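# Survey of secondary and tertiary structure
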Amino acid sequence: MKRFFLTILSFTLISFYSAGQFAIVPDDMPAIEKALVVNDEGDSIGYYFNIDEKTASVTYRGNNFYDNEYSDTIVIPKEVKYNGETYLVTKIGDNAFEGCSKLTNVSIPNSVTKIGRFSFRGCRKLTNVTIPDNVKEIAWRAFMACTNLTEVTIPANTATINDEAFMKCSALKSIVVKKGSQNYCSENGILYDKSKTTLLKCPEGKEGELIIPNGVKKIHPNAFSNSKITEVTIPANTATIDDEAFITCSTLKSIVVEKGNPNYCSENGILYDKSKTTLLKCPVGKEGELVIPNGVKKIHPNAFSNCKITEVTIPNSLIEIGRYSFSHCTLKSITCNCVNPPAMYNKYGFYGVEKNIPVYVPSESVEKYKNAVGWNEFKNIMPISTK
């Protein structure tokens, strides 16, 4: 008979603490107890035990996840003995292994159906993790900042993968979905919905140029966030590109839209709506000087956010600059040819941009700019003729 050792400390959770106030627990709330149990390999593993359902959730050691000490290889058993009863391990709990920088490998039993929020966040030495076939949900930021994780295989039974489950996994080059999944599929290491009409996630370690397959109609929020691709080609039938699809994609220098797309177009690697009256996205990695084409009437929110361009020339057709359009841009000068200052509905159009840089405007409009919302943040507004 296997021997299991319990820590002296074991407690029953009878209340919750939230925002500084205690809440009364309903009568039908299951009894939950926490304890450490030593596995066959001699490692102490923390669990929350559901006394009524006889299930266990893996949790951090110590009083909170800041005290986590898991390291090397951890083998989680399918079943755990506690107070003479057998409990089925069904979940890797929230924050269970968070911050365990010395953890290299985890063996998860097939009884687990959910991997909780922040379960493995910051496990920087974790190079391999096998997600069991019965896992149905991978929660928000479950593997965030696992910077040595290079490949992940998603089981066929997984029904939910949170958008940010693999956020800041900078070495991750491939996400593979097992055959038979009713919810997801993969191609060339990229995650799609089952019908392959929505691109969900390009791994952050993927590099070089990428041609999105024909048939993809939607690009999901954060799909390319933090990825290392340098150029992306959008197919002709893509109808929706989320505003945050390419956020923090710092190496991206060019977005190309195939001819015939009824919703988008591109010029010089910059994304526009079909009529080219709205500038939607300048790749973050684009550098140097930029002249926005005449005819553009609106710059979309966050269009130039974190861009590396140093000079921008705005055409006299521009009417509106969106919220955070140029936030944290590395601009050294701005030239705006508009007689009437393009509208900014708050002062955040150039949020994070140095306000002592020269801003060149038509000579007859200098005072207008000095008094216009957002523009009046700049200290050196001067006539174009002095440029």
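Keep in mind it's a predicted model, so treat the numbers as computed, not measured.

### A word on the overall build of the protein
- Secondary structure assignment for the protein yields one helix and 34 strands.
- Projected onto its principal axes, the C-alpha coordinates of the protein cover approximately 90 × 50 × 40 Å.
- Looking at the protein as a whole, 47% of its 387 residues qualify as buried.
- In the protein, of all internal contacts separated by at least 6 residues, the share reaching a separation of at least 24 is 36%.
- Total accessible area on the protein stands at roughly 18300 Å², and carbon and sulfur atoms take up 49% of it.
- For the protein, the separation between the mean place of its 44 positive charges and that of its 40 negative charges on side chains is 3 Å.

### Looking at unusual backbone geometry
- The backbone phi angle of Lys-54 is positive, close to 60°, even though this residue is not glycine.
- Among the secondary structure elements, Lys-54 is positioned in the loop between strand S5 (44-50) and strand S6 (55-59).
- Using a relative accessible area of 28% as the deciding quantity, one classes Lys-54 as partly exposed.
- With a phi close to 55°, Asp-72 is a non-glycine residue in the positive phi region.

### Some thoughts on the state of the cysteines
- By the definition in use, this model includes zero disulfides.
- Unpaired in terms of disulfides, Cys-146 finds its nearest cysteine sulfur in Cys-123, a separation of 5.1 Å.
- On the basis of relative accessibility, which here comes to 0%, the residue Cys-146 falls in the buried class.
- Here Cys-202 is not cross-linked by a disulfide; its sulfur's nearest cysteine counterpart is in Cys-249, at 7.6 Å.
- A residue is classified by how much of its surface remains accessible, and Cys-202, at 0% relative accessible area, is buried.

### Focus on the environment of Ser-186
- Relative to the assigned elements, Ser-186 resides in strand S17 (residues 184-187).
- The spacing of Ser-186 and Ala-343 is 157 residues in sequence and 43 Å in space, taken between C-alpha atoms.
- If sequence neighbours within four positions are ignored, Ser-186 has contacts with Ile-175, Val-176, Val-177 and Tyr-192.
- At 3.0 Å, the side chain of Ser-186 and the backbone nitrogen of Val-177 are in polar contact.

### Digging into the sheet that holds strand S24 (residues 254-257)
- Spatial strand order, S20-S22-S24: three strands in an open sheet with parallel pairing. A strand with exactly one partner marks an edge of an open sheet, and here the two such strands are strand S20 (207-211) and S24. Within this sheet the neighbouring strands show an average axis-to-axis angle of 15°, counted without direction.
- In terms of strand pairing, S20 meets strand S22 (residues 228-234) through five bridges, oriented parallel. Among the inter-strand pairings, Glu-207 is bridged to a residue of S22, identified as Lys-228.

### Considering the nonpolar core
- Membership of the largest hydrophobic core comes to 46 residues, with the highest contact counts inside it found for Tyr-47, Ile-76, Ile-92, Phe-97, Phe-120 and Phe-143.
- Every element with two or more residues in this core is listed here: strand S4 (32-38), S5, S6, strand S8 (79-82), strand S9 (85-92), strand S10 (103-107), strand S14 (151-154) and strand S16 (174-177).
- Setting aside its immediate chain neighbours within four residues, Ile-76 contacts Ile-45, Tyr-47, Val-58, Val-89, Ile-92, Phe-97, Val-106, Ser-107 and Pro-109.
- The next biggest cluster of nonpolar side chains, apart from the first, holds 35 residues, and it includes Leu-290, Ile-357, Phe-378 and Ile-381.

### Digging into the environment of Ala-239
- Within the secondary structure, Ala-239 sits in the loop between S22 and strand S23 (240-241).
- Judged by its relative accessible area of 38%, Ala-239 falls in the partly exposed class.
- Between the alpha carbons of Ala-239 and Lys-218 there is a distance of 6.0 Å; along the sequence they are 21 residues apart.
- Every residue in contact with Ala-239, bar those within four places of it in the chain, is listed here: Lys-217, Asn-263 and Tyr-264.

### Quick word on the side chain of Ser-327
- Position of Ser-327 among the secondary structure elements: in the loop between strand S31 (320-321) and strand S32 (333-336).
- Of the residues examined, Ser-327 reaches a relative accessible area of 4% and is grouped as buried.
- At 3.0 Å, the side chain of Ser-327 and the side chain of Ser-305 are in polar contact.

### Things to note about the packing of aromatic side chains
- Under the definition given, this model contains 19 aromatic pairs.
- With a centroid separation of 4.3 Å and an interplanar angle of 5°, the aromatic rings of Phe-49 and Tyr-82 are classed as stacked. Note that Phe-49 is positioned in strand S5 and Tyr-82 in strand S8, a separation of 33 residues in sequence.
- Taking relative accessible area as the criterion, Phe-49 reaches 0% and is therefore assigned buried.
- Here the aromatic rings of Phe-143 and Phe-166 are separated by 5.4 Å at their centres, their planes lie at 10°, and the arrangement is stacked.

### Re the sheet that holds strand S21 (residues 218-219)
- Within the open sheet, the five strands sit side by side as S17-S18-S19-S21-S23. Their pairing is mixed. Each end of this open sheet is capped by a strand with a single partner; those strands are S17 and S23.

### A short note on the pattern of salt bridges
- Under the criterion given, the structure shown has eleven salt bridges.
- The salt bridge partner of Arg-121 is Glu-98, with a shortest N-O separation of 2.2 Å. Note that Arg-121 is positioned in the loop between strand S11 (114-115) and strand S12 (128-129) and Glu-98 in the loop between S9 and S10, a separation of 23 residues in sequence.
- With a relative accessible area of 6%, Glu-98 lands in the buried category.
- One salt bridge in this structure joins Lys-201 and Glu-204, with 3.7 Å as the shortest N-O distance. Residues Lys-201 and Glu-204 agree in their burial class; the two are buried.

Rules of the game
- Residues numbered from 1 in each chain as written.
- Predicted model: local features only at pLDDT ≥ 70, side-chain atom pairs only at ≥ 80, totals over all residues.
- Heavy atoms only, no water.
- Helix = DSSP H or I, 4+ residues; strand = E, 2+ residues; numbered from the N terminus.
- Buried < 20%, exposed > 50% of the residue type's maximum accessible area, 1.4 Å probe, protein only.
- Contact = heavy atoms within 4.5 Å.
- Areas by Shrake-Rupley, 256 points an atom, 1.4 Å probe, with all protein chains shown as cover.
- Lys, Arg positive; Asp, Glu negative; His and termini not counted.
- Charge placed at Lys NZ, Arg CZ, Asp CG, Glu CD.
- Disulfide = S-S within 2.5 Å.
- Polar contact = N/O pair within 3.5 Å; in protein donor to acceptor, adjacent residues only side chain to side chain.
- Pairing = 2+ DSSP bridges.
- Axes fitted to C-alpha atoms, helices over the stretch in contact; angles between N-to-C directions.
- Core = buried A, V, L, I, M, F, W, Y, C linked by side-chain atoms within 4.5 Å.
- Phe/Tyr/Trp six-rings, centres within 6.5 Å; stacked < 30°, edge-to-face > 60°.
- Salt bridge = Lys/Arg side-chain N within 4 Å of Asp/Glu carboxyl O.

Structural measurements only, silent on function.
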